[in-house]
Every structure is written in C-alpha cells, then in structure tokens.
Amino acid sequence: MSDVTRRTAAALAADLAAGTVTSVELTEAHLDRIAAVDTDVHAFLHVDREGALADAAESDARRARGEARGVLDGVPIAVKDVLATRGLPTTCGSKILEGWVPPYDATVVTRLREAGLPILGKTNMDEFAMGSSTEHSAYGPTHNPWDLDRIPGGSGGGSAAAVAAFEAPLAIGTDTGGSIRQPGAVTGTVGVKPTYGGVSRYGLVALANSLDQAGPVTRTVLDAAMLHDVIGGHDPRDSTSIQQEWPSFTEAATVGATGDMTGVKVGVITELAGDGWQPGVMARFQDSIDLLVQAGAEVVEVSCPSFVHALAAYYLILPAEASSNLAKFDAMRYGLRVTPEGSPSAEDVMRATRDAGFGDEVKRRIILGTYALSSGYYEAYYGQAQKIRTLISRDFDAAFGRVDVLVSPTAPTTAFKLGEKLDDPIAMYLNDLATIPANLAGVPGISVPNGLADEDGLPSGLQVLAPALADDRVYRVGAALEALHEKEWGGPLLQKAPALEGATR
Amino acid sequence: MSTTTDALMAYDDVLAAFDPALGLEVHVELNTASKMFCGCPATFGGEPNAGTCPTCLGLPGAMPVVNGKAVESAIRIGLALNCDIAEWCRFARKNYFYPDMPKNFQTSQYDEPIAFDGYMDVTVPVEGGGDEVFRVEIERAHMEEDTGKSLHVGGATGRIHGADYSLVDYNRAGIPLIEIVTRPILGAGERAPEVAKAYVSQLRELIVALGVSEARMDQGNLRADVNLSLAPKGSGVLGTRTETKNVNSFRSVERAVRYEMQRHAVILSDGGSILQETRHWHEDTGITTSGREKSDAEDYRYFPEPDLVPVAPSREWVEELRGTLPENPTVRRARLQAEWGFSDMEMRDTIGAGALGLVIETIAEGAAPQAARKWWLGELARRSNEDGVDLVDLPITPADVARIQALVDDKTVNDKLARQVFEGVLAGEGTPDEVVASRGLAVVSDDGALGAAVDNAIAANPDVADKIREGKVAAAGALIGAVMKEMRGQADAGRVRELILEKLA
C-alpha cells in the first residue's frame, strides 16, 4: 500500500504546499488503491480515472504557477452518486437512472471543482438514499472495510467505505436521517451533517427535500472542517440556503484539537440509550463521557421526550416528500425505458419502467408516502408528523437552553452482517434512531470514531449535536474528543483497520 | 349549434325554471423577463426547448427559486382586485401526471394563496342606455407555473390518439401564471352570460392597465375556465357544476355560459343529474363536449413545497405597490371621456364594444381620439362581427391602426384607401406601410398625372364643363368623381378640384 493513501487530507495539503508530492502522484495512488481493493469493498459505482488525473495535472500546473486555489487544491475526493456531476454518470444507486449523465453540476460539485479537488468517482449508495446498509443499491452492496461480511452503513456506505478503505482521503455524503453519521460510526470515519441550509442542495437528487443535507465524510475532524469550508455557504440557486457569513470551521477544529473542554456544557440525551443498545457501544460511549469530564467539560443528563416519536414522524415525512420527488421518473425524458409488447400507452410504458427500475424499498416508500399524503389521511399522518417535528425542535431548543452541545452514541449497534436485516425494514429503520432528530430539526451534527466495541471489535461512533447555525461547536467538541482519543489510540482509529490488500473474496 | 339545438332548452324556459350560478377561473400569463422558478426567458415560442434549464426541465437535483418580479405582479393584481395580501404564504406541490409537466407535479399555491377575499364591480350596459353593476367576489388569486406543450405527430387529428410519436416543447414550462378564481356569482339571472363576458373583458382591461401581461386571449396569455351550475328557481342552493376549460375569447365565454345553461336545463328537467366533469369548448360549432370526469375526490396530494421558503411580503412593500395601481376604473373612464371629448353615447359604445383598452392603446400610439374610436367602432367592429371574433383578437394591433391614421393625416392615403390598407393588414399582407407599397395605394397628387385625367373628364363631360364655366361650381363634384374613377380612387380630391376650376376658369 502506498503510504500516501494513509495520510489525512490536511497532511496531503501540507505535502502539496511543500512540494513533496504532486496531485497527479497522490491521485494516481488513490486510483491504484481503488483498483486494488474495490472489487472487495465496492465503494465506487463509477471511477473517473482520466478525468481525475487531468484535474490533478491542472492542479499541479496551477500550483507551479503559484496560483493554487486553496489549501485542498489537488487533494482528490469521492462523491456520493446522488449529486449531479456534469459528464459523469449519476444513478442514485437505481436502475431507473442507469447511464444518465447530467448536463450540469450540483453546486457542491461546482465548488469542489473550483477549489481544485480532482473527483475520483461516484460512490455507492442505497437506491435514492433509502436505507441504512447500502444493501438497497441496485448495483450490489458495499462491504465494510473492517469486516467484508458486514454492512458499511447507509445510505452513504460507499462514501464512508471509500474513506475507511483508504481509497479516497475525502468524500461527500448526504444525510437525510443519518446517512453520513451512521456510516461514519460503523466504519470508524468522521461524518458531518451541517445545519440544514448550510450546504447547497442544488443538484442533490432529492430524497426528502426538507431533511436532506450534504456534508463531509473524512478520516479526521480537521479534514471534515476544511472540506466544509470549501462546500458550504450561500447559494442563490437553493432558496433554502442560509444567507449568513459562516465562521471558519477549520479554525474551530484547530481550537478544539487542544483537547481543552473547560467551561463546555455537554448534555447526554437520556432517550438515546437503554434497551436495544449494544452494550459494547454503550461502554465506549461512557468512556468518552469520562474523557470529556476529565478534560474539563460539565456533563449533565438532558431529556428530550419527543425523540421517542422521531422515527415515526420521519417515516411519514420522508416517504411523502419522496413519493412526489420520484414521480418525475416516468421513462419519458431520461434514464431507463421499458416498452411492453403490443402498442402500449404512455402509462403502460411508465408502469413497466417503474416496475423494472425501482427496487422494493423505493416502491415501499412511494406507496407509504402516497398514502400519507392522500386526502382524508393527510391530517392523520403527514399533519401529525409535522406537529411532532415541531415538538422535537422545541425539545432541542429547551435542551440547548441548558447545554452547549448534546451527545449520544451515533448508532445503537456496530455494523451488522450483510443480509441480516434486509427482510425486516423496521429493524433496518431503527439504526437511524439517534441521528433522525437532528434532520427533523435542521440542527448540525458530527459523528466521530469512538473506539471498538468489546463484543465484536468493530467501530462505534459518538454523535455531537449543536443548535442550528452553531456548526463550529460540533467541530470544536468533535476535534477535542478526537484529540483525547488519539492520545490513547496512538493515532486515528482507522489505523487499526485491516489492510485489505490481497484480501480477495 | 344546429346539430344540437334539439338537445337544448330554449333560453327563456331555462330562466323560468332555474337560477344559474357562475364561477370563473382566469389564468393570466405574466410578462416577466424570466420564468417563475428559474432564470430562463419567459417568452414562449422560438426553437423548441431552447429556453430551458435543469430547473424548468425538472432534471433530477434541480431546484426552484421564486421570481420576485412575479410575486410583485401577483400582489399588484391582488390589490387591483381589492384583495387582502397574505402576510405569509407558501407554495405547494400539486401532484398529478401530465405529459407536458416535467416534474409530474405543478408548483402552485393551495390553501395559502398570495391574494384573497376581493371583488370586482362589473359594469354591464343595459339596452336603451344606462348600466347595471354586478359585484363579482374574488375568492383568491394565486401564483403557479405553466406547463410545456405537446405536439403529436403522424395522426390525422393532431391529437395523441393515432399519433406515431409526440414531441414536447418545454419553453413554456415554468412561465409564471396567476390564477384568479371567483366565488359563485349568484343573482346574475338572465344576464349571466353577459356578466361572464363583461367580467373577463374588464379583467383583461385591468391586467393591461397594470402592465403585467400581454393578456391576449388568442395567444393564450389569458385563458378562462367557465364553471356553471343550475339550481331550481328560488331554491337558494348550488347545483352540480361543470367546468368548461380554456375558453379563448370574450364572445366564447358568453356563448359557453349560455350553452351550458341550456344543456344543464334539459338534463335536469328530464330528471337527470349533471355529471361533475371538465368539458371542452368548440369554437367552430359552439358546443361543449365531455372531457374527463372530475369528482371532488380527485386527489392531488398537495403538500407545502419543501424546496421553497415561504413568501412573506412586507406591509411596506405592499403599500408601496398599492401606490403603483392604475386609477379606479370609474374615475378613469370619466377622465378619459373628458380628455377625449367623447359624448356619453360615444363613450358607452366604446366600452360596450370592448374597445376601451384598444382605443387607449391606439391613442397612446399617436392617433387622435375620434379617429381611434372611428376605426375601432366602424371598420374594425364590422370586421369583428363578420368574422365572429372579438375586436381584441383581430389580427391587427393598436399600433397598426394609429399608423394607418397617420397615413391619412399626411395624405398618403385618403379614407377610402385607408379601408383597403385595413383589409391588407387583416389579411396578413404586412404592416400598413408594406400594404400601401405592395397594393400601390398611395394617393396621386402629381399635377401631370392628375391634369391628364382632368382633361379626359372635361372632354367626356362637355355639358358639365359648360355648367362650371357658367359659374355653377357645385357641378365640379361629377367631374371629380370621373377623375377618381379613372385613377381608381387614388387621386388627391382637393387638388383635382383645384385643377378643374383652374382649367375651366
């Protein structure tokens, strides 16, 4: 394995600046790593070797002229296949979009290009981001680099696995109910869901528009902060995009890395623990609470009583919005078209195409959402869910009136085995129990690696939540916790991950 | 109507047995520079799909942003219709499949329209003098987007049935529309058809005065749907209604109301019941035919559009816009009548003919008021009667009329030749100047050509010539007529008279 793929993005940026490595060299190293391990991991749906190397060469030329566009200019990145990329296939993990090449870039992608980051390729995901295991991808599951028989989390399992398997130093994910943070937890990576509206959704193929949020997937908190500084900020093409000046997240992470937590009030959410939570996950969580206290934090228990209804509300709002978003896939303009025998009507073609093009989970949620929005049921389901959403926001408001940040384990368990929960949607949905409230309320959250569970030796995550617009706090506290941990681990948790090379399945 | 007359009830009999309730939904296409939710030009036509982008094509990932100018126009329309303006309102998704609609939902407003609870006082002239005023209550005016347009190729009818394939042009998709919905208009009784026509006509006049739309019915800028129901006379209830879609002229609005009243009456008198459905209006035969059945159970699964932030016009802005409204129509008419020096009769005839707006525009283009009135109520009213189209739908613009009058004023043509210019313009032969040139209509005032014609006339009419020589100057008329005949009306009559008198002095 090339050493360069094991370095953090911050270290690579420093190497590029110092001239000890070129963007072409490190882009090539990552492409080689992908070639070596991705048959096993299957983090990528599409690798753009030529494009990435061309971008890298341009980056090197810019740097040689002294015109580097920013710290991350030349550091390669992987992008979840739910973001539109001009000239690169965008499938959302679905057959219905097989072969679709968008004529435009998502704003996040535009910003990556403008900042000079070569795009290695598009990462695997649950179809239209529906799932918690990346087993719902129409193109086959992604495997967890820690144990190839296990799931990498979902829906952004491809992005998390790419970073965990050292195929990419950075990745972009999207988080609708935890799809950045939960994969982060089970792969030992860092995942950030910014404040809703903090990163443009323009070009992000919508799952549930009021919940979706793109964000960084990285190996360290500092890397995530640096990436967030590149992709964040107001976008006039997204009317829900927040118009305010954001502080430097890189700076917040740097401040946090001193590990000093003096004066920080940390609330432990009492509802996010207990029965059904894996003992090894809870044990690591308790260890981290102790670390925070030792570092000077004041830790209190905080109750958020409405959180117990979050999952129910989420599984009404999400399918409702999704059912409307997915209506555009009608076989008329782009993507798959299945034409039945005889002289079919437009409706016949649409029916056959959707039957062949959408997977079971997508069909399940379209039906749920159509039902939840139908007249006569709207108030009973969608209306009630929106009320719960308001109550959850109030719980957050009350909690943040008492503490600076809230913490919980990111996911109730470590990575389960592929296929284990595939036939039990409810069991699958429970994985996002701890992450969903943040999406319903629009507040930011980070998942940081939190050590290995004793039972299975697999990674667990700790989630830090902050009030809307206070993303800098999640970086500060996340970086502090990371610094405290790394002293103990002697480096990032990922250094303990299997090497993979030669591990053919 | 001949083929269906036997299925209709005589109008007087309808009125004896039933009370009509009328409702009108008028769609106005705004003349904003860009579309409702993206920056594409809001001009329909041109190369198909040239004026489109990911947003108005509904491509995966693309997002809408509200056009502030369209909101401004909506507010001004609402204010001009005496509506309340919402302090806070949202867009909603109206989910249904429509081949021309790229997202398979229309972004519209549902329970939160921008303007509501208004009225318009509609003046209907009474035969033999005087006016009757009906107050039409406006339930709401809301913002929405237009759809694209399909072209069905290969069939005999141009309809989808039997076509080999269909093409869709999305240039119109996303053009801003304002839909203005009345409450049921009760108590119009026998005048219901006239009230409907007068309402649409006055609404158009208002829209033109506001400058928010071209408001041409023949071009679909202004489209009216007619809702009509009958109830047993004096019962005070509302019957089952039908909705006749896209009636495309003032005259047709009146005819469609009358037709539906007569059609409903037959069915109800026979003990039948009216099917709640949409109906199509057929301009050529003057009948309606069944469209699709539309029960109240039709489920659009409305929900608030999550990609758009709410519209919350400040009260200051609303008041500022109130200051930009055209003056009260009654006051304005009195002012115009005084300015133009029209008699009461001339003014009433102008309004009754639906020519007020046209006369205003013609005067604005430089014609004298009496001349403008003369052409629209004379030559053009005659043509509109003959062709069975409204004045506003004649293929001639106020600018053309003003130009023709200018040609009369500078003696390029005389009144008689001007009528031929009108004919040419209406026949699509080009601008007034082009018609004058191509038809060779210019008046001849050249003494050489005229002198020869005068000599011929004198030679051919020696008796008349003698009378003039004897001082009976009045007899010159006969010689002028002869010259005119020879010159096919293109002689300058004044100069001809002078030449005759000179030669016979």
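Bear in mind that the values here come from a model prediction, so they are computed numbers and not experimental data. (Residues numbered from 1 in each chain as written. Chains lettered and ligands numbered in written order. Predicted model: local features only at pLDDT ≥ 70, side-chain atom pairs only at ≥ 80, totals over all residues. Heavy atoms only, no water.)

Participant: So what's going on with the sheet that holds strand β4 (residues 105–108) of chain B? Residues and values would help.
Facilitator: In space, the three strands of this open sheet follow the order β4-β3-β14 (chain B), with antiparallel pairing throughout. A single partner strand is all that each edge strand has here, and the edge strands are β4 and β14 (303–304) of chain B. Examined bridge by bridge, strand β3 (residues 92–95) of chain B and β14(B) share two bridges and lie antiparallel to one another. Among the inter-strand pairings, B:Arg93 is bridged to a residue of β14(B), identified as B:Phe303. Sitting on the sheet, helix α10 (residues 310–325) of chain A is in contact with β3, β4 and β14 of chain B, with an inclination near 60° to β3(B). (Pairing = 2+ DSSP bridges. Helix = DSSP H or I, 4+ residues; strand = E, 2+ residues; numbered from the N terminus. Contact = heavy atoms within 4.5 Å. Axes fitted to C-alpha atoms, helices over the stretch in contact; angles between N-to-C directions.)

Participant: Just give me the short version of the UniProt feature "domain: Amidase" (unreviewed entry) in chain A, but keep the residues and values in it.
Facilitator: Taken from the UniProt record, the annotation "domain: Amidase" (unreviewed entry) applies to residues 25–474 of chain A. Along residues 25–474 of chain A the backbone is 38% helical and 13% strand, and the end-to-end C-alpha distance reaches 33 Å. (UniProt positions renumbered as here; feature names shortened; annotations may be inferred.)

Participant: A description of the nonpolar core should follow, citing residues and the corresponding values.
Facilitator: The nonpolar side chains of soluble globular proteins are, as a tendency, buried together. Ranked by size, the top nonpolar core spans 104 residues in total, and within it B:Ile180, B:Tyr199 and B:Ile396 carry the most contacts. It is helix α3 (residues 192–210) of chain B that provides the largest number of residues to this core, a total of 10 residues. Counting only domains with at least three residues in this core, you end up with domain 1 (11–316) and domain 2 (327–439) of chain B. Those residues in contact with B:Ile396 that sit more than four places away from it in its chain are B:Trp376, B:Leu380, B:Val401, B:Ile404, B:Phe422, B:Val425 and B:Leu426. Among the nonpolar cores identified, the runner-up in size contains 95 residues, and A:Leu16, A:Leu97, A:Ile151 and A:Ala313 belong to it. (Core = buried A, V, L, I, M, F, W, Y, C linked by side-chain atoms within 4.5 Å. Buried < 20%, exposed > 50% of the residue type's maximum accessible area, 1.4 Å probe, protein only. Domains from an automatic or database assignment.)

Participant: Provide a residue-level description of the UniProt feature "active site" (unreviewed entry) in chain A, including the pertinent values.
Facilitator: All names here are of chain A. Annotation from UniProt places "active site" (unreviewed entry) at Lys-80, Ser-155 and Ser-179. In terms of the greatest pairwise C-alpha distance, the residues named above, spread along 100 residues, form a tight cluster of at most 10.9 Å across. Structurally, Lys-80 can be placed in strand β2 (residues 77–80). Aside from chain neighbours lying at most four places away, what touches Lys-80 is Lys-122, Thr-123, Met-125, Ala-129, Ser-155, Gly-156, Ser-159, Ile-172, Gly-173, Thr-174 and Ser-179. The exposure class assigned to Ser-155 is buried, which follows from its relative accessible area of 0%. Excluding residues that lie within four positions of it along the chain, Ser-155 makes contacts with Lys-80, Asn-124, Met-125, Asp-126, Ala-129, Met-130, Gly-131, Thr-134 and Ser-179. Polar contacts involving the side chain of Ser-155 include one to the side chain of Lys-80, which spans 2.8 Å. (Polar contact = N/O pair within 3.5 Å; in protein donor to acceptor, adjacent residues only side chain to side chain.)

Participant: Can you tell me about the interface of chain A and chain B, naming the residues and giving the values?
Facilitator: The interface of chain A with chain B comprises 35 residues on the first partner and 29 residues on the second. Counting each side, the surface lost to burial between chain A and chain B is near 2,500 Å², with a carbon and sulfur contribution of 57%. Its largest share of buried area at the contact with chain B, chain A owes to A:Ser239, A:Lys328 and A:Arg333, together 22% of the area lost on that side. Between the two partners, chain A and chain B, sit one salt bridge. The salt bridge partner of A:Arg201 is B:Asp307, with a shortest N-O separation of 2.8 Å. There are 16 residue pairs in polar contact (both at pLDDT 80 or more) connecting chain A and chain B. Classifying every residue of the side of chain A that touches chain B gives 16 nonpolar, 10 polar and nine charged. (Buried area = accessible area lost by both parts, 1.4 Å probe. Salt bridge = Lys/Arg side-chain N within 4 Å of Asp/Glu carboxyl O. Nonpolar A, V, L, I, M, F, W, Y, C, P; charged D, E, K, R; others polar.)

Participant: Summarise the packing of aromatic side chains; cite the residues concerned and give the values.
Facilitator: The full count for this structure, using the stated rule, is 24 aromatic pairs over all chains. A ring pair is formed by A:Phe329 and A:Phe358, whose centres lie 6.5 Å apart and whose planes are at 85°; its orientation type is edge-to-face. Pair noted here: A:Phe329 is in the loop between α10 and α11 (346–357) and A:Phe358 is in the loop between α11 and α12 (360–373), with a separation of 29 residues, a long-range link. Between B:Phe37 and B:Phe91, the ring centres sit 5.3 Å apart and the planes meet at 80°, which makes this aromatic pair edge-to-face. With B:Phe37 in the loop between β1 (18–29) and α2 (68–80) and B:Phe91 in the loop between β2 (84–85) and β3, this residue pair connects regions lying 54 residues apart in the sequence. Counting every residue linked through ring pairs, the aromatic cluster contains A:Trp100, A:Phe128, A:Phe329, A:Tyr334 and A:Phe358. The positively charged end of A:Arg6 is found above the aromatic ring belonging to A:Phe166, 4.1 Å away from the centroid. Seen from the ring of B:Tyr119, B:Arg135 lies directly overhead, with NZ or CZ sitting 3.7 Å from the centre. (Phe/Tyr/Trp six-rings, centres within 6.5 Å; stacked < 30°, edge-to-face > 60°. Lys NZ or Arg CZ within 6 Å of the ring centre and 35° of its normal.)

Participant: Explain a nonpolar patch on the surface to me, and be specific about the residues and the numbers.
Facilitator: A surface patch of nonpolar side chains, about 310 Å² in accessible area, is lined by B:Leu151, B:Tyr165 and B:Leu167. Positionally, B:Tyr165 belongs in strand β8 (residues 165–169). (Patch = residues over 30% accessible without salt bridge, like charges linked within 9 Å, V, L, I, M, F, W, Y side chains within 5 Å. Areas by Shrake-Rupley, 256 points an atom, 1.4 Å probe, with all protein chains shown as cover.)

Participant: Kindly report on the domain arrangement of chain B, identifying the contributing residues and their values.
Facilitator: What the domain assignment reports for chain B is domain 1 (11–316), domain 2 (327–439) and domain 3 (447–503). Look at where the C-alpha atoms of domain 1 of chain B and domain 3 of chain B centre, and you get two points 61 Å apart.

Participant: Residue-level account of helix α7 (residues 221–231) of chain A, with values.
Facilitator: Residues lying three or four places apart along an α-helix face the same way, a consequence of the helix completing one turn every 3.6 residues. Residues and elements named next belong to chain A. Counting buried positions along α7 gives nine out of 11 residues, so the element sits mostly inside the fold. Those residues of α7 that sit buried are Val-221, Asp-223, Ala-224, Ala-225, Met-226, Leu-227, His-228, Val-230 and Ile-231. Remark: Gly-233 follows α7 within two positions and exhibits a positive phi of approximately 105°.

Participant: Pulling in residues and values, what's your account of the side chain of A:Glu167?
Facilitator: Residues and elements named next belong to chain A. Here Glu-167 is to be found in the loop between α5 (157–164) and β4 (170–174). For Glu-167, which is buried and forms no salt bridge, the nearest opposite charge comes from Arg-33, at a distance of 6.6 Å. Those residues in contact with Glu-167, other than ones at most four positions away along the chain, are His-30, Arg-33, Ile-34, Val-37, Asp-38, Val-41, Ala-43, Phe-44, Leu-120, Ala-161 and Ala-162. (Lys, Arg positive; Asp, Glu negative; His and termini not counted.)

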